Amino acid sequence: MVPDLPPLPALTRAEGELIDRYLDVVDLLGRINPAHDGDTYRGLRAAQALVARAAELRDALTLMHQRGESELHAPTLARALRVLDGERRTARVTLPPLSDG
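The rules behind the values
Residues numbered from 1 in each chain as written. Predicted model: local features only at pLDDT ≥ 70, side-chain atom pairs only at ≥ 80, totals over all residues. Heavy atoms only, no water. Buried < 20%, exposed > 50% of the residue type's maximum accessible area, 1.4 Å probe, protein only. Helix = DSSP H or I, 4+ residues; strand = E, 2+ residues; numbered from the N terminus. Arc of directions from axis to C-beta. Contact = heavy atoms within 4.5 Å. Salt bridge = Lys/Arg side-chain N within 4 Å of Asp/Glu carboxyl O. Polar contact = N/O pair within 3.5 Å; in protein donor to acceptor, adjacent residues only side chain to side chain. Axes fitted to C-alpha atoms, helices over the stretch in contact; angles between N-to-C directions. Parallel < 35°, antiparallel > 145°, perpendicular 65-115°, else oblique. Left-handed = near helix turned anticlockwise from the far one by under 90°.

## A short note on helix 3 (residues 74–83)
So, point 1. What helix 3 keeps buried is the set Leu77, Ala80 and Val83. The buried side chains of helix 3 occupy one side of the element, clustering within an arc of 120 degrees when seen end-on. Away from its buried face by more than 90 degrees, helix 3 exposes Pro75 and Arg82.
So, point 2. Residues of helix 3 that are buried make contact with helix 1 (13–32).

Have a look at this one:
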C-alpha cells in the first residue's frame, strides 16, 4: 500500500511551472552526472534535451518576474519539491558518497 503524500501547497500557475521546469532540468543533469554509471549516449541525449528545458525554466522565471512575482517563497516551494520527490531527484546531481573499498 502506497502511503498518502501530503498535498501540494497552493502555488501560482507560474510557481507550479517553475517547479516543474526546475525538476525537468534536475532530472536531465542527474542523467548527465559523470559520477554515476551510465553510457555516453544517454548523457549526450540528456545534454541535448537540457538546452530546451533550461530555456523553459528561464521562460517560467521570466513570466513570474513580468507578473510582479519578484520573490521566491522558498519554504512553500521547498515543500512542493519534497512532495514531488525533489530530494531523491536532486541527489542524482551530487557526488555519491565515498565507498569503503
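## Remarks on the pattern of salt bridges
So, point 1. One pass over the structure, following the stated rule, counts eight salt bridges.
So, point 2. In this structure, the salt-bridge partner of Glu56 is Arg21, at a minimum N-O distance of 3.8 Å. In this pair, Glu56 sits in helix 2 (residues 40–66) while Arg21 sits in helix 1, placing the two residues 35 residues apart along the sequence.
So, point 3. For Arg89, the salt bridge goes to Asp27, with nearest N and O atoms at 2.6 Å. Of this pair, Arg89 sits in helix 4 (residues 86–91) while Asp27 is found in helix 1, placing the two residues 62 residues apart along the sequence.

## Digging into the side chain of Arg21
So, point 1. Given the relative accessible area of 15%, Arg21 is considered buried.
So, point 2. Of note is the side chain of Arg21, whose polar atom sits 2.7 Å from the side chain of Glu17.
So, point 3. Not counting chain neighbours up to four residues away, the residues in contact with Arg21 comprise Glu56, Leu57 and Ala60.

## A look at unusual backbone geometry
So, point 1. With phi around 65 degrees, Asp85 is a residue other than glycine that occupies positive phi space.
So, point 2. Inspection of the secondary structure assignment puts Asp85 in the loop between helix 3 and helix 4.

## Observations concerning the side chain of His36
So, point 1. For His36, the position within the fold is in the loop between helix 1 and helix 2.
So, point 2. His36 sits in the buried class, given a relative accessible area of 19%.
So, point 3. Reaching out from His36, the side chain makes a polar contact with the side chain of Arg92 at a distance of 3.0 Å.
So, point 4. Of note is the side chain of His36, whose polar atom sits 3.4 Å from the backbone oxygen of Thr94.
So, point 5. Among residues more than four places away in sequence, those in contact with His36 are Ala91, Arg92, Thr94 and Pro96.

## So, the packing of helix 1 against helix 3
So, point 1. Running from N to C, helix 1 and helix 3 cross one another at 50 degrees; their axes reach a closest spacing of 11 Å. Taken together, the axis directions place helix 1 and helix 3 in an arrangement best described as oblique. In this structure, helix 1 crosses over helix 3, and the sense of that crossing is right-handed. Seen from helix 1, the contacting residues are Glu15, Leu18, Ile19, Tyr22 and Leu23; seen from helix 3, they are Leu77, Ala80 and Leu81.

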